[in-house]
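Listed below, chain by chain, are the residues.
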Amino acid sequence: MPVGTGTRIGVNRDGDTLLDGDDNCPGVPNDPQVDTDGDGLGDVCDATPAPEPGMLVLFAAGLPTLGWLRRRRSRRAAAQGR
């Protein structure tokens, strides 16, 4: 366990059922640990708990780029005999 996470010494500042090192919102009690947008910050502490529409568009736009990049790396590896 990393030093300062609160998990090693059993710190639980908000009094919920999770130690601070495992809590996605260590300052506010939130037993269900709901994180709707998946950013690692619990909804009770997150100013934007729902995924932002622009982020979904950017993610979708980047998917074709990932395929192109994977093919490029495969070609380079083949050319180098890997």
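Just so it is clear, the model here is predicted, and its values are computed rather than measured.

Draft legend 1. Examining the overall build of the protein chain more closely. Counting secondary structure elements, the protein chain contains one helix and zero strands. Burial statistics for the protein chain: of 82 residues in total, 16% are counted as buried. Here the contacts in the protein chain between residues at least 6 apart in sequence split such that 0% fall between residues at least 24 apart. With an accessible surface of roughly 6100 Å², the protein chain has 61% of that area assigned to carbon and sulfur atoms.

Draft legend 2. Region of interest: the pattern of salt bridges. Within the structure shown, the criterion is met by one salt bridge. A salt bridge links Asp-20 to Arg-13; its shortest N-O distance comes to 2.6 Å. What makes Arg-13 exposed here is its relative accessible area of 62%.

Draft legend 3. View of the environment of Pro-49. Summarising the element assignment, Pro-49 is placed in the segment before α1 (53–79). A relative accessible area of 31% means that Pro-49 is categorised as partly exposed. As for Pro-49 and Val-34, which are separated by 15 residues in sequence, their C-alpha atoms are 9.2 Å apart. Leave out the neighbours within four places in its chain, and Pro-49 touches Thr-36, Asp-37 and Asp-43.

Draft legend 4. The environment of Thr-36, seen in detail. Mapped onto the secondary structure, Thr-36 falls in the segment before α1. Counting along the chain gives 14 residues from Thr-36 to Ala-50, while the straight-line C-alpha distance between them is 5.7 Å. When sequence neighbours within four positions are dropped, the list of residues in contact with Thr-36 reads Asp-43, Pro-49, Ala-50 and Pro-51.

Draft legend 5. Representation of unusual backbone geometry in the model. Although it is not a glycine, Gln-33 sits at a positive phi angle of roughly 55°. By the element assignment, Gln-33 lies in the segment before α1.

Draft legend 6. Representation of the side chain of Asp-16. Tracing the backbone shows Asp-16 in the segment before α1. Buried and without a salt bridge, Asp-16 has Arg-13 as its closest oppositely charged side chain, separated by 9.6 Å. Among the polar contacts listed, one links the side chain of Asp-16 to the backbone nitrogen of Asn-30, at a separation of 3.3 Å. Setting aside residues no more than four positions away along its own chain, Asp-16 makes contact with Asp-23, Val-28, Pro-29, Asn-30, Asp-31 and Gln-33.

Conventions and cut-offs
Within every chain, residues take consecutive numbers counted from 1 along the sequence as written. With the structure being a predicted model, the display of local features is reserved for residues of pLDDT at least 70 and the display and counting of side-chain atom pairs for 80 or more, all residues being used for whole-chain, interface and lining totals. Processing note: side-chain calculations cover all non-hydrogen atoms of the structure and skip hydrogens and water entirely. Put simply, DSSP H or I for four residues or longer makes a helix, DSSP E for two residues or longer makes a strand, and each gets a number counted from the N terminus. For each residue, the accessible area found with a 1.4 Å probe, counting protein chains only, is set against the maximum for its type, and the residue is called buried under 20%, exposed over 50%, and partly exposed in between. Here a residue-residue contact requires only that any non-hydrogen atoms of the pair lie within 4.5 Å. Residue exposure ignores everything except the shown protein chains as possible cover, and the areas themselves are Shrake-Rupley values with a 1.4 Å probe. One side-chain nitrogen of Lys or Arg within 4 Å of one carboxyl oxygen of Asp or Glu is enough to make a salt bridge. The charge count includes Lys and Arg as positive and Asp and Glu as negative, but it does not include His or the ends of the chains. By the criterion applied in these results, polar contacts are pairs of N or O atoms within 3.5 Å in which, for protein atoms, one can donate a hydrogen and the other can accept it, and in which residues neighboring in sequence qualify only through two side-chain atoms.

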